[in-house]
Amino acid sequence: MPDVIIIGGGPAGTTAAIYTARANFNTTIIYKNYGALENAELVGNFYGFSKISGKSLFEKGLIQARMNGAKTIAGEVVGLRKKDDCLIVETENASYESKTALLATGANRDTPKITGIAETEGRGISYCAICDGFFYRGKEVAVLGSGAYALHEVEDLLPLASKITLLTNGEEPSVNFPDSVFIRKDKILEIKNEKSKILIPGLNEQKKLKSVIFETGEELPLSGLFVAVGIAGGTELARKIGAAVDSAGSVIADSEMRTSVPGLWAAGDSVGGLKQIVKASHEGAIAGINIAKFLRG
């Protein structure tokens, strides 16, 4: 069992891995892709490199982490939960148990820009099936997405919902979904809401989810819609395990990069602030040092 699992292979994750591995702790990095560095054609403001592509910098970081003893696994993390005193990190193909974990996934970039979705967040719109699925027992719900992350949400909802519809919003599903799941590939025009009967003090008007309107003009009534677009980012994974997230969607971490969940740290773009490589590496170093201190007891 690893002493620490680092979710994300960018500057924050690999820097933390170097520190924990050099402290002689069993360290595993799980990463899906290049993240924000994939689109960085030229990086010229990071120490030691006059010019380097984002992809090359990412690859060199992983090589450096391996040279210091860290293990790397290419895979998509779709779930994060606690079990007794350990953390369970779930990928599309396997589950890994660890004493500690670090969220270093970068900033979330897959929030769908669909009219009406923001107004009903928390009142019919959810980003965590394992957190909120209980409230939709015996009801008709939908999952918005088309990949492994969406499949993971579907699987959490199967024992609870009376009917599940997968909404791909024009995308082709990239994984196989259970036969019991209805699949709609139509593009979504908007999320329709209605006035909620449950009023929250201090707010003038609350709305709850009513239905999804497709570009075809068809309307799909729903009790709940679970958003699982693209790859699960730090915010979604934090929510799954109950870690605090601020109103901007950034994971809340203290000066030692600890989250509100014991054994879980966060660093880099996932905690907000300046989106620069040097800042991510700085926070990765802080997280790695403090994870090592924690593991030493």
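Bear in mind that the values here come from a model prediction, so they are computed numbers and not experimental data.

Draft legend 1. Quick look at the packing of helix α1 (residues 11-22) against helix α6 (residues 277-296). Between α1 and α6, the shortest axis-to-axis distance is 7 Å and the interhelical angle comes to 35°. When the axes of α1 and α6 are compared, the crossing they make is right-handed. Between α1 and α6, the residues in contact are Pro11, Ala12, Thr15, Ala16, Tyr19 and Thr20 and Ile277, Ala280, Ser281, Gly284, Ala285, Gly288, Ile289 and Ile291, respectively.

Draft legend 2. Up close: the sheet that holds strand β11 (residues 182-184). Taken in spatial order, the 5 strands line up as β8-β15-β9-β10-β11 in an open sheet, and their pairing is parallel. In this open sheet, the two edge strands, each paired with only one partner strand, are β8 (125-126) and β11. Bridge analysis of strand β9 (residues 140-144) against strand β15 (residues 224-227) gives 4 bridges, and the strand direction is parallel. Within β15, the residue paired with Leu144 across the bridge is Val227.

Draft legend 3. A look at α1. The end-to-end C-alpha distance of α1 is 17 Å, a good match for the 16 Å that 12 residues give at a rise of 1.5 Å each. Counting buried residues along α1, 10 of its 12 residues qualify, which places the element largely inside the surrounding structure. The inward-facing, buried residues of α1 abut β1 (4-7), β2 (27-31), α2 (54-67), β7 (100-103) and α6. Directly beyond the C-terminal end of α1, a positive phi value near 75° is found at Asn24.

Draft legend 4. A look at the side chain of Asn290. Inspection of the secondary structure puts Asn290 in helix α6. On the basis of relative accessible area, Asn290 is assigned to the buried category, the value being 11%. For Asn290, the contacting residues outside a window of four places in its chain are Glu256 and Trp265.

Draft legend 5. Summary view of the nonpolar core. Ranked by internal contacts, the top residues of the largest apolar core, which has 67 residues, are Leu102, Leu103, Val143 and Leu264. Setting aside residues up to four positions removed in sequence, Leu103 forms contacts with Ile7, Leu80, Gly234, Leu237, Ala238, Val251, Leu264, Trp265, Ala266, Ala267 and Ser270. Listed in part, the 16 residues of the second largest apolar core include Ala142, Ile188, Phe214 and Leu220.

Draft legend 6. Geometry of the pattern of salt bridges. One pass over the structure, following the stated rule, counts 11 salt bridges. Where Arg258 meets Asp254, a salt bridge forms, and the shortest distance between an N and an O atom there is 2.8 Å. Residue Asp254 is classed as partly exposed on the basis of its relative accessible area, which comes to 30%. Taken together, the shared-partner salt bridges connect Arg184, Asp186 and Glu218 into one network.

Draft legend 7. Structural view of the packing of α1 against α2. Running from N to C, α1 and α2 point in directions that differ by 15°, and their axes come no closer than 9 Å. Relative to α2, the element α1 lies roughly parallel. Between α1 and α2 the crossing geometry is left-handed. Contact residues: Thr14, Ala17 and Ile18 in α1; Gly61, Leu62, Gln64 and Ala65 in α2. Looking at the contact of α1 with α2, its residues break down into 4 nonpolar, 3 polar and no charged.

About the thresholds
- Residues numbered from 1 in each chain as written.
- Predicted model: local features only at pLDDT ≥ 70, side-chain atom pairs only at ≥ 80, totals over all residues.
- Heavy atoms only, no water.
- Axes fitted to C-alpha atoms, helices over the stretch in contact; angles between N-to-C directions.
- Helix = DSSP H or I, 4+ residues; strand = E, 2+ residues; numbered from the N terminus.
- Left-handed = near helix turned anticlockwise from the far one by under 90°.
- Contact = heavy atoms within 4.5 Å.
- Pairing = 2+ DSSP bridges.
- Expected span 1.5 Å × (residues − 1).
- Buried < 20%, exposed > 50% of the residue type's maximum accessible area, 1.4 Å probe, protein only.
- Core = buried A, V, L, I, M, F, W, Y, C linked by side-chain atoms within 4.5 Å.
- Salt bridge = Lys/Arg side-chain N within 4 Å of Asp/Glu carboxyl O.
- Parallel < 35°, antiparallel > 145°, perpendicular 65-115°, else oblique.
- Nonpolar A, V, L, I, M, F, W, Y, C, P; charged D, E, K, R; others polar.

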